[in-house]
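Working through the structure, step by step
Take a look at the letters that make up each chain.
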Amino acid sequence: MSSKPNDRALPEGLHPDTLAVRAALPRSQYGEHSEALYLTSGFVQPDAETAARRFAGTEDGYTYARTSNPTVTSFERRLAAMEGTEAAIGASTGMGAILMMIMGLLKAGDHVICSRSMFGSTLNLFGKEFAKFGVETSFVSQTDAAEWEAALRPTTKLLFAETPTNPLTDVCDIRALADLAHGAGALLAVDNCFCSPALQRPTELGADLIIHSGTKYLDGHGRVMAGAICGPSKLIVDVFGPVVRTAGMALAPFNAWVVLKGLETLGIRMQAQSANALAIARWLEAQPTVKRVYYPGLASHPQHELAMRQQSGNGGAVLSFDVHGDDPETARANAFHVINSTRVVSIATNLGDTKTIITHPGTTSHGRLTEAQRQAAGIGQGLIRLAVGLEHVADVQADLQRGLSTLGT
Ligand SMILES: Cc1ncc(COP(=O)(O)O)c(C=O)c1O
């Protein structure tokens, strides 16, 4: 029972919203409407000669899922189309994507420049793990491009930025960093987890590579772990392909299928979650027990104008706020009180879910950093992060209000 494959090629120039639901591998001979899940680790070869050519890379064709799988290819094609890059390659997690990037691009003696406000595991990966293999990293200000420039060395091969940052939502100027990197013969990679291609397309601003944790907004429902690198074919196919094939941080087909379907609603989720976040951020600014709100969509955010330019006029769906507390212990107790008083939002460490998540970064996502690293990243004990989902704004506000209104000012 099979029909002819539906192989009508998509026309050029489709909008990202259309690509989000249409770009993928062509349908199989069965003409399935929803993308097929090829839950297979191996692929049967028609004959030994074809197998030999496919393993040698002289003929296209699937061989083994550590190298590739059609469902993973569908995800990669759709994500690349949405980011506006030539290609993409899946990874088991977002951290796996960063590991793949560094294994592919760098060797002992090479130098990287990173913002010191990046995600905690990224800081540790560069500061501890890559350092063991002789890759040196300078950690600089997220927002002061002069610090990035001053850190450049003849051995600098990569500038790596994340914008907005987790959890303080500091925004860096992608175009300025791309110019710096290219002037020094280096590449710029941008972790686009927080905005996703629905709000920010870093390659349009000069970035060479984009890192994704598909675990976040790309899936959008907190179901699976996934990661990806987007960029030019010459790096994705020739440099990162061999790394994933030999090192094995491959994206599982099932996870690829889940994230592929997540991409279809990414645009409307990001718009709706950003609108909710803006409403909650504005409301938090008016609460007497809240010391400061960090959200790029607020006029009070130090890089508000840059963020609006870079992020399609949206602040994104993650905000953080400081509660009062004269010393770190009091601030932490107050933050814990607000978190523990919630009954709707989830106490968890992920972000990018339809369910709002509340987190104490100082003891969770950034808990393994040294106190000095935490202070350098500006993460105090009174800081609470809210990754805003799709609940009604009034219910989330009431949930926060329960704890905020019972703190002394
Ligand atoms: C900005 C950012 N980049 C990368 C990662 C790592 O992604 P994963 O958890 O999929 O490895 C995270 C995870 O929280 C993150 O917030």
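The structure under discussion appears in the preceding block.
Keep in mind the model is a prediction, meaning the values are calculated, not measured. (Residues numbered from 1 in each chain as written. Predicted model: local features only at pLDDT ≥ 70, side-chain atom pairs only at ≥ 80, totals over all residues. Heavy atoms only, no water.)

A short note on the pattern of salt bridges
Pairing of side chains with opposite charge becomes possible as their charged atoms draw close. One pass over the full model with this rule turns up 14 salt bridges. Put simply, Arg54 and Glu59 hold a salt bridge, and the shortest N to O gap is 3.4 Å. By relative accessible area, which is 21% here, Arg54 ends up partly exposed. Its salt-bridge partner being Glu147, residue Arg116 comes within 3.2 Å of it at the nearest N-O pair. Here Arg116 is found in the loop between strand 2 (111-115) and helix 5 (120-132), whereas its partner Glu147 is found in helix 6 (residues 145-151), with 31 residues between them in sequence. Three or more residues joined by partner-sharing salt bridges are found here, namely Glu35, Arg78, Lys261 and Glu264. (Salt bridge = Lys/Arg side-chain N within 4 Å of Asp/Glu carboxyl O. Buried < 20%, exposed > 50% of the residue type's maximum accessible area, 1.4 Å probe, protein only. Helix = DSSP H or I, 4+ residues; strand = E, 2+ residues; numbered from the N terminus.)

Some points on the side chain of Ser196
When you line up the elements, Ser196 lands in helix 8 (residues 196-199). A relative accessible area of 0% places Ser196 in the buried class. Setting aside chain neighbours within four positions, we find Ser196 in contact with His212, Tyr217, Leu218, Leu266 and Met270. (Contact = heavy atoms within 4.5 Å.)

Observations concerning empty space enclosed by the protein
A water-sized probe, rolled over the atoms, reveals where empty space remains. The final tally for this structure, using the stated rule, is one cavity of 30 Å³ or more. Forming the walls of the largest cavity are Pro164, Thr169, Phe194, Cys195, Gln311, Gly315, Gly316, Ala317 and Val318. Residues belonging to the lining of the largest cavity are distributed by class as follows: five nonpolar, four polar and no charged. (1 Å grid on protein atoms, 1.4 Å probe; cavity = no way out; pocket = protein on both sides within 12 Å on 5 of 7 lines; lining within 4 Å. Points joined across faces, edges and corners; volume = space filled by probe spheres on them. Nonpolar A, V, L, I, M, F, W, Y, C, P; charged D, E, K, R; others polar.)

Thoughts on the site of the ligand
With respect to spatial proximity, 13 residues lie near the ligand, and among them Gly94, Asp191, Ser213, Thr215 and Lys216 are the closest. Taking Thr215, its side chain carries an N or O atom lying 2.6 Å from an oxygen atom of the ligand. A distance of 2.8 Å is found between an oxygen atom of the ligand and a side-chain nitrogen or oxygen belonging to Lys216. In the complex, 92% of the free accessible area of the ligand, which totals 380 Å², lies under the protein chains. Counted by class, the shell around the ligand contains five nonpolar, five polar and three charged residues. (Near = heavy atom within 4 Å. Polar contact = N/O pair within 3.5 Å; in protein donor to acceptor, adjacent residues only side chain to side chain. Areas by Shrake-Rupley, 256 points an atom, 1.4 Å probe, with all protein chains shown as cover.)

Some words on the packing of helix 3 (residues 70-83) against helix 10 (residues 253-263)
For the pair helix 3 and helix 10, the least separation of the axes is 8 Å and the interaxial angle reads 35 degrees. Here the hand of the crossing between helix 3 and helix 10 comes out left-handed. Seen from helix 3, the contacting residues are Thr71, Val72, Ser74, Phe75, Arg78, Leu79 and Met82; seen from helix 10, they are Pro253, Ala256, Trp257, Val259, Leu260 and Leu263. Among the residues making up the contact of helix 3 with helix 10, the classes are represented as 10 nonpolar, two polar and one charged. (Axes fitted to C-alpha atoms, helices over the stretch in contact; angles between N-to-C directions. Left-handed = near helix turned anticlockwise from the far one by under 90°.)

Topic: a nonpolar patch on the surface
Residues Leu37, Leu39 and Phe254 make up a contiguous nonpolar surface patch of about 280 Å² in total accessible area. On the secondary structure map, Leu37 appears in the loop between helix 1 (16-22) and helix 2 (48-56). The class for Leu37 is partly exposed, based on a relative accessible area of 31%. (Patch = residues over 30% accessible without salt bridge, like charges linked within 9 Å, V, L, I, M, F, W, Y side chains within 5 Å.)

A closer look at the sheet that holds strand 8 (residues 290-294)
Spatially, 8-9-12-11-10 is the arrangement adopted by the five strands of the open sheet, whose pairing is mixed. Of all the strands in the sheet, just strand 8 and strand 10 (346-347) have a single pairing partner and so form its edges. Both strand 10 and strand 11 (residues 357-359) contribute to a ladder of two bridges, which runs parallel. Opposite Ser346, over in strand 11, you have Ile357 as the bridge partner. The sheet strands contacting helix 13 (residues 328-340) are strand 9 (318-323), strand 10, strand 11 and strand 12 (383-387), and the helix crosses strand 9 at an angle near 130 degrees. Sheet strands in contact with helix 15 (residues 393-404) are strand 8, strand 9, strand 11 and strand 12, and its direction is about 15 degrees off that of strand 9. (Pairing = 2+ DSSP bridges.)

Re helix 13
An α-helical turn contains 3.6 residues, so any two residues separated by three or four positions project in the same direction. Between its first and last C-alpha, helix 13 extends 18 Å over 13 residues, near the 18 Å set by a 1.5 Å rise per residue. Considered for burial, the residues of helix 13 that qualify are Ala331, Asn334, Ala335, Val338 and Ile339. All buried residues of helix 13 lie within an arc of 135 degrees about the axis, which places them on one face of the element. Away from its buried face by more than 90 degrees, helix 13 exposes Glu329 and Asn340. Sitting at the amino-terminal end of helix 13 is Asp327, which places a side-chain oxygen 3.2 Å from the backbone nitrogen of Glu329. (Expected span 1.5 Å × (residues − 1). Arc of directions from axis to C-beta.)

Quick look at the pairing of strand 4 (residues 156-162)
Most of strand 4 is tucked away: six of the seven residues are buried. In this sheet, strand 4 lies alongside strand 2 in parallel orientation, the contact comprising four bridges. Looking at strand 4, one finds that Val112 is bridged to Leu158. When strand 4 meets strand 5 (residues 187-191), the two strands line up parallel, connected through five bridges. Within strand 5, the residue paired with Ala161 across the bridge is Val190. Viewed along the sheet, the connection from strand 4 through helix 7 (residues 174-183) into strand 5 turns out right-handed. (Right-handed = clockwise from strand over helix to strand, strands pointing away.)

Some details on the packing of aromatic side chains
This structure, assessed with the given rule, holds four aromatic pairs. Judged by centre distance (5.8 Å) and plane angle (45 degrees), the ring pair of Phe126 and Phe160 falls under tilted. Taken together, the residues Phe126 in helix 5 and Phe160 in strand 4 connect sequence positions 34 residues apart. A residue is classified by how much of its surface remains accessible, and Phe126, at 1% relative accessible area, is buried. With a relative accessible area of 0%, Phe160 lands in the buried category. (Phe/Tyr/Trp six-rings, centres within 6.5 Å; stacked < 30°, edge-to-face > 60°.)

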